[in-house]
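Residue-level listing of the chains:
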Amino acid sequence: SLNNAKRPVAFSPDSSMLATGSGTNRVILWNTDDWQFGQSLEVEMVVQCLAFSPDGGILTVGGNVGGKSAGSPTGAQVSLWELFENGKRIQKRMVEDISQYSEVRRLEFSPDGTEIAVSCSGFGVKAGGAVLLVNVSDGKPTATFYQRRSRAAFSPDGKSLVSAGVDWFQVW
């Protein structure tokens with residue numbers, strides 16, 4: 001139910017904008033100088049996580065598509081929203097098809113903003129999940145690290161990617 005839906009939030013790096021996920025197919029951008037509504041972004045997924053690029057120019061939205069009608073897509077999805085001043089949308093791009101996973105659990109930009117670690121849970125043969133390393137410029141995954149129920153983070157210098165679960169971690 002929507003009462004139990006995740007409500008992701010993310011501040012832009014300069015704290016001028018707050019992005020909130022509605023738990024449905026919408027992201028709202030708020031201006032933090034006066035806490036007024038800035039803009040609503042309609043997305044094609046149930047929003048589960050949000051992340052701004054280090055320069056604040058890109059908002060990444062991750063979630064899952066429910067497949068509400070026969071033949072409609074299901075699975076994980078990530079979109080990149082290029083923003084400019086005052087949170088107005090310039091362009092939306094999709095990350096290459098990752099629908100073989102069930103949902104996006106976390107998004108983490110590399111410190112230089114060129115890559116995103118996308119932590120996904122899976123179903124079927126990919127039930128354990130994975131961390132996908134995605135190139136921001138073209139939206140294509142460049143590496144996949146299969147790890148059960150993991151989330152990932154970059155080191156501050158961007159040289160290492162670590163995925164971790166309840167009682168383990170792996171440095172890539």
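Residues numbered from 1 in each chain as written. Predicted model: local features only at pLDDT ≥ 70, side-chain atom pairs only at ≥ 80, totals over all residues. Heavy atoms only, no water.

**Notes on the confidence of the model for the protein**
The cut-off we apply is this: The predictor reports its confidence for every residue as pLDDT, a score running from 0 up to 100. For helices the rule is a DSSP run of H or I covering at least 4 residues; for strands it is a run of E covering at least 2, with both sets numbered from the N terminus onward.
Looking at the protein, the pLDDT average stands at 81 and 81% of residues meet or exceed 70. Least confident of the elements in the protein is strand S8 (residues 88–94), whose mean pLDDT is 68; most confident is strand S1 (residues 9–11), at 95.

**A short note on unusual backbone geometry**
Despite not being glycine, serine 15 shows a phi value in the positive range, around 65°. Of note, serine 15 is situated in the loop between S1 and strand S2 (17–21). Although it is not a glycine, tryptophan 35 adopts a positive phi angle of roughly 55°. Tracing the backbone shows tryptophan 35 in the loop between strand S3 (26–31) and strand S4 (36–42).

**Looking at the sheet that holds strand S10 (residues 115–122)**
Test applied: Whether two strands pair depends on DSSP finding at least two bridges between them. The convention used is that axes are lines fitted to C-alpha atoms, helices contributing only their stretch in contact, and that angles between N-to-C directions extend from 0 to 180 degrees.
Ordered by their spatial adjacency, four strands build an open sheet running S9-S10-S11-S12, and the pairing between neighbours is antiparallel. Since the sheet does not close on itself, it has two edges, and those belong to strand S9 (101–109) and strand S12 (141–146), each with one partner. Within this sheet the neighbouring strands show an average axis-to-axis angle of 25°, counted without direction. Direction of pairing for strand S11 (residues 130–135) relative to S12: antiparallel, over a ladder of five bridges. Bridge assignment links valine 134 to a residue of S12, and that residue is proline 141.

**Quick notes on the pattern of salt bridges**
This is how it is decided: The working definition used for a salt bridge is a side-chain nitrogen of Lys or Arg within 4 Å of a carboxyl oxygen of Asp or Glu.
Inspection of the entire model under this criterion finds two salt bridges. A salt bridge links arginine 105 to glutamate 103; its shortest N-O distance comes to 3.9 Å. In this structure, arginine 106 and glutamate 108 form a salt bridge, with 2.5 Å as the shortest nitrogen-oxygen distance.

**Observations concerning the side chain of serine 155**
Definition in use: Polar contacts here mean pairs of N or O atoms no more than 3.5 Å apart (in protein, one a potential hydrogen donor and the other a potential acceptor; neighbouring residues in sequence count only if both atoms are side-chain atoms). Any two residues having at least one pair of non-hydrogen atoms within 4.5 Å are treated as being in contact.
The topology assignment puts serine 155 in the loop between strand S13 (151–154) and strand S14 (161–164). One polar contact links serine 155 to aspartate 157, side chain to side chain, over a distance of 2.6 Å. Excluding residues that lie within four positions of it along the chain, serine 155 makes contacts with Pro111 and Ser160.

**Regarding the environment of valine 27**
Definition in use: For the exposure calls, accessible area comes from a 1.4 Å probe over protein chains only, and a residue counts as buried if that area is under 20% of its type's maximum, exposed if over 50%, partly exposed in between.
Following the sequence through the fold, valine 27 ends up in strand S3. Residue valine 27 is classed as buried on the basis of its relative accessible area of 0%. Spatially, the C-alpha atoms of valine 27 and arginine 7 are 9.9 Å apart, while their sequence positions differ by 20 residues. Filtering out sequence-adjacent residues up to four positions away, valine 27 remains in contact with Ala19, Thr20, Gln39, Ser40, Leu41, Val43, Val47, Leu50, Leu59 and Val61.

**Comments concerning the environment of serine 155**
Among the residues examined, serine 155 registers a relative accessible area of 18% and is labelled buried. It is 9.9 Å that separates the C-alpha atoms of serine 155 and valine 171, two residues lying 16 residues apart in sequence.

**With respect to the state of the cysteines**
The condition that has to hold: Only a pair of cysteine sulfur atoms within 2.5 Å qualifies as a disulfide here.
In total, this model carries zero disulfides according to the counting rule given. Looking at the unpaired cysteine 49, the closest cysteine sulfur is the one in cysteine 120, lying at 8.5 Å. When its relative accessible area of 7% is taken as the criterion, cysteine 49 is described as buried.

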